[in-house]
Amino acid sequence: GQKVVLITGCSSGIGLRIAVTLAKDEKKRYHVIATMRDLKKKDKLVEAAGDAYGKTLMLLPLDVCSDESVRQCINNVKDRHIDILINNAGVGLLGPVESISIEEMKKVFETNFFGVVRMIKEVMPDMKKRRSGHIVVMSSVMGLQGVVFNDVYTASKFAMEGFCESMAVQLMKFNIRLSMIEPGPVHTEFETKMMEDVAKMEYPGADADTVRYFKDVYLPSSIDIFEAMGQTPEDIAQCTKKVIESSSPRFRNLTNSLYTPIVALKYADETGGLSVNTFYNLLFNFGPLMHITMSILKCLTCSCLRRRTISPN
Ligand code: NAD
């Protein structure tokens, strides 16, 4: 029969694309429950789903930050039966920590970390009873490696990586799979929203040098990285589909082969020196030559830097 897939954060970006891709599966293997905080934002998804809407795709409201909303949503699923839970909802946060309030930081953790924990707590007991299920988490390469000026976002994804790596062992005993998807940069509203926020911000509390490093050094190189190696939501949706269709899905799934040399730095030197120094040099010494640096990175084929990825095609 059809597998019931519930996805969080489907009004835009990667979540929307995963929902549509699974709902349009040629063999109609999925019954997709696409969820979003505010159903008023459903139009883009409904339009993209076309004929699948009302057939293999249905909508439910869900705010991953609310216990009540999560419980209600899962109670509205027939027999509370979910075969595949895709935790996609997430928010970004960029900028010097001096100018970010603890309240704002907590909101990021509330969504990116506790949001996932809340979903898993609600769905896992039924999966355990059935001794089957697959939990997928949209993490990030920033869940594996720190990135300057993304301090809090990165921390929230690290938190989730630690949580899931621990959970995976227990879940295996119940025949429940757990898979992390680790995209590099992806062109979505995430990127646009963040750049808009950044332009508006005045950075109270941060000194002039820090603001300059952020605005004039970090931001342009970040834009370069997006241009040089950004993937599309469609790419990530295809990777995710591969992961849920695999007979033995891996725990971690990098999606971007161009980014793997950067991830490999951490594993090549456990003291952390290689990553920290390379990032330092990339930012402060090669910054103006970012395009060239990125091309060199792209050409790196040294086997110690190549890492296995799932490719979208
Ligand atoms: P996006 O902003 O288009 O999508 C995020 C979605 O989550 C939005 O639809 C938003 O409304 C929803 N959301 C936020 N808070 C929510 C809440 N409390 N309850 C329910 N939904 C909520 O951005 P995206 O790039 O599609 O992001 C999807 C996931 O991919 C995120 O977890 C993000 O961290 C991750 N990711 C993104 C990138 C990237 O470069 N865009 C890279 C790696 C990982």
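For the structure, check the block above.
Draft legend 1. The arrangement of the packing of aromatic side chains in detail. Overall, the coordinates contain eight aromatic pairs when judged by the stated rule. Geometrically, the ring pair formed by F149 and Y218 is edge-to-face, given 5.9 Å between the ring centres and 65 degrees between the ring planes. Of the two residues, F149 is situated in the loop between strand 5 (133-138) and helix 5 (151-173) and Y218 in helix 7 (residues 208-229); the sequence distance between them amounts to 69 residues. Note on accessibility: F149 and Y218 belong to one class, buried. Between Y203 and F214, the ring centres sit 5.5 Å apart and the planes meet at 75 degrees, which makes this aromatic pair edge-to-face. One end of the pair, Y203, is in the loop between helix 6 (189-200) and helix 7; the other, F214, is in helix 7, and 11 residues separate them in sequence. The residues Y203 and F214 share a single accessibility class, namely buried.

Draft legend 2. Seen up close, the environment of K193. Mapped onto the elements of the fold, K193 is located in helix 6. Exposure remark for K193: the relative accessible area of 46% places this residue in the partly exposed category.

Draft legend 3. The site of the ligand, seen in detail. Every one of the 28 residues lining the ligand counts as a neighbour, but S12, I14, N88, Y153 and T188 are closest to it. Here an oxygen atom of the ligand sits 3.3 Å away from a polar atom, N or O, in the side chain of R37. Within the backbone of V186, a nitrogen or oxygen atom sits 2.9 Å from an oxygen atom of the ligand. Where the shell around the ligand is concerned, the elements lending two or more residues are helix 1 (13-23), helix 5 and helix 6.

Draft legend 4. A look at empty space enclosed by the protein. Counted according to the given criterion, the structure contains one cavity of 30 Å³ or more. Lining the largest cavity are N87, N88, A89, N112, V116, M138, K157 and M160. Every element with two or more residues in the lining of the largest cavity is listed here: helix 4 (102-130) and helix 5. Each residue belonging to the lining of the largest cavity can be placed in one class, and the counts come to four nonpolar, three polar and one charged.

Draft legend 5. Expanded view of the state of the cysteines. This structure, assessed with the given rule, holds zero disulfides. C164 forms no disulfide, and the closest cysteine sulfur to it belongs to C65, at a distance of 16 Å. Judged by relative accessible area, which is 0%, C164 ranks as buried. Of all cysteine sulfurs, the one in C10 lies closest to C239, which takes part in no disulfide; the gap is 17 Å. Owing to a relative accessible area of 0%, C239 belongs among the buried residues under this scheme.

Reading the values: the criteria
- Residues numbered from 1 in each chain as written.
- Predicted model: local features only at pLDDT ≥ 70, side-chain atom pairs only at ≥ 80, totals over all residues.
- Heavy atoms only, no water.
- Phe/Tyr/Trp six-rings, centres within 6.5 Å; stacked < 30°, edge-to-face > 60°.
- Helix = DSSP H or I, 4+ residues; strand = E, 2+ residues; numbered from the N terminus.
- Buried < 20%, exposed > 50% of the residue type's maximum accessible area, 1.4 Å probe, protein only.
- Near = heavy atom within 4 Å.
- Polar contact = N/O pair within 3.5 Å; in protein donor to acceptor, adjacent residues only side chain to side chain.
- 1 Å grid on protein atoms, 1.4 Å probe; cavity = no way out; pocket = protein on both sides within 12 Å on 5 of 7 lines; lining within 4 Å.
- Points joined across faces, edges and corners; volume = space filled by probe spheres on them.
- Nonpolar A, V, L, I, M, F, W, Y, C, P; charged D, E, K, R; others polar.
- Disulfide = S-S within 2.5 Å.

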